[in-house]
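So the chains spell out like this:
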Amino acid sequence: MDWQAELLFWWLGFVVVGTLAFMRFSQRRVPRGWLTVGTTILALALVGRLSESIILIRAAAALWLLLMFVPSVLVQLAIGLIVRQRYAAARAIQQVVAVLHPCDGCREVPAATRAMELASQGDHDGATAILEAVARKPSSVAAQAVVLLCRIGQRWGDLQAWAAERPEIIAREPGLLSHVLRAHGETGDLAGMVGLYDRERSIIDRMRPHLLRDSCRLMLFVYGGRPEFVERILRQSDFAAAPAPEQRFWTAVARWAAGDGEAARRDFEEVLPE
C-alpha cells in the first residue's frame, strides 16, 4: 500500500476517533447512531489497510464525508437559522440531515422545528398537537418535545417537576438545561437556578455548539437581574444574529429582575407588537 493510502488511513482514524471523543467530552455521551457510523467507518478502513485495498479506504473516507462531516455542518447551519427564526429553511436542512443520519431522533427534529414555527406565529394548538405526537415516540427528541410543550403553555412549574423526577434525562440531554434554568427563573426559584447551574457548570462550559452554553449563561444572567452581562452575551455570541425584538425582550426581563421596572416596562411596550 502506497504512502498516500497509509496517510489517508491514519488521518481517517484520527478524525473519526477525535469526533466521537469530542462528543463524549461535550455531551456526556456518544449518540448511538454516531457511534454506529463511526465504528463502521473505522472497521471498513481497517479492513482496507489489512487487505491493502485503497478502494476500501477511500470508501471509508467517502462515508465519513457523507455520514459524519456533512450532517455535522448542516446541523450547525440549521441551528443558526433557528436563532434567526428562519424555521422553514432550518426545517429543510434538517430533513436532509434526517436522510443522511436517520438515527438519534433526527427524523423527528423537523417536526419539532415546525412546532416552534407555529408557536412563534401564535398557533399554539397546532404546535401542541405536533409536540404531543413527537413526545409519544420512542425517540431522544421526545424529551425536547415535552420541554417545548411546557414552554409553549408557560407551565414552568410542571417543567421543574418533570426535570426533578427525571435527572437521568437531563444528564443524557444537557441541551435541555437552559430550559430547566429558565423554569427556575420564571418561578422565582433563583436559589434553585444558581444551584443547578453551579452543579452543571463543568458540562455547560464544554457544551457544543456554543449556543447551548450561551443559552444557559443567558438564562442565569437574565433571571439573576444582570442586564449588563445579558447585553454582552447578546452582542458577542451567536445570539447576535437573533432578531432585535428578541434581544430587546431578554434585556427587558433582566432589567425587570434587577428591579428597574420602569425601563423594563418601556422595553416590553416597544417589543409588544413583535
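Here, the structure is the one placed above.
To start, this report covers the structure provided alongside it. (Residues numbered from 1 in each chain as written. Predicted model: local features only at pLDDT ≥ 70, side-chain atom pairs only at ≥ 80, totals over all residues. Heavy atoms only, no water.)

Here's the deal with the nonpolar core
Note the following rule: Joining through side-chain atoms within 4.5 Å is the link that ties buried Ala, Val, Leu, Ile, Met, Phe, Trp, Tyr and Cys residues into a set, and such a set is a nonpolar core. Here the term buried applies to any residue with accessible area under 20% of the maximum for its type, exposed to any over 50%, and partly exposed to those in between, with areas from a 1.4 Å probe on protein chains only. Secondary structure elements are defined from DSSP: runs of H or I of at least 4 residues count as helices, runs of E of at least 2 residues count as strands, and each element is numbered from the N terminus. Two residues form a contact once any of their heavy atoms are found within 4.5 Å.
Counting 36 residues, the largest nonpolar core has Trp162, Leu177, Leu218 and Trp250 as the members making the most contacts within it. Here this core gets 7 residues from one element, more than from any other, and that element is helix H13 (residues 210-223). In this view, tryptophan 162 contacts Ala143, Val146, Val147, Ile169, Ile170 and Leu176; residues no more than four positions away in its chain are not counted. Counting 16 residues, the second-largest nonpolar core is a separate cluster that includes Phe9, Ile57, Ala60 and Met68.

Looking at a nonpolar patch on the surface
Put simply, the rule reads: The patch calculation keeps residues exceeding 30% relative accessible area without a salt bridge and links them within 9 Å when they carry like charges or within 5 Å when they are nonpolar (Val, Leu, Ile, Met, Phe, Trp, Tyr). Surface accessibility in these figures is a Shrake-Rupley result with a 1.4 Å probe; residues are shielded only by whichever protein chains are displayed. Here a salt bridge means any side-chain nitrogen of Lys or Arg lying within 4 Å of a carboxyl oxygen belonging to Asp or Glu.
On the surface, Leu65, Phe69, Val73 and Leu77 cluster together into a nonpolar patch covering about 340 Å² of accessible area. Its location among the elements puts leucine 65 in helix H3 (residues 54-83). Judged by relative accessible area, which is 43%, leucine 65 ranks as partly exposed.

So, the pattern of salt bridges
Oppositely charged side chains can pair when the atoms bearing their charge come close. In this structure the tally under the stated criterion is 14 salt bridges. Notably, a salt bridge pairs glutamate 165 with arginine 166, separated by 3.3 Å at the nearest N-O pair. Judged by its relative accessible area of 28%, arginine 166 falls in the partly exposed class. A salt bridge links arginine 255 to aspartate 267; the nearest nitrogen and oxygen atoms lie 2.6 Å apart. With arginine 255 in helix H15 (residues 244-257) and aspartate 267 in helix H16 (residues 261-271), the pair connects residues that are 12 residues apart, well separated along the chain. Using a relative accessible area of 25% as the deciding quantity, one classes arginine 255 as partly exposed. The network of salt bridges with shared partners includes Glu231, Arg248, Arg255, Asp267 and Glu270.

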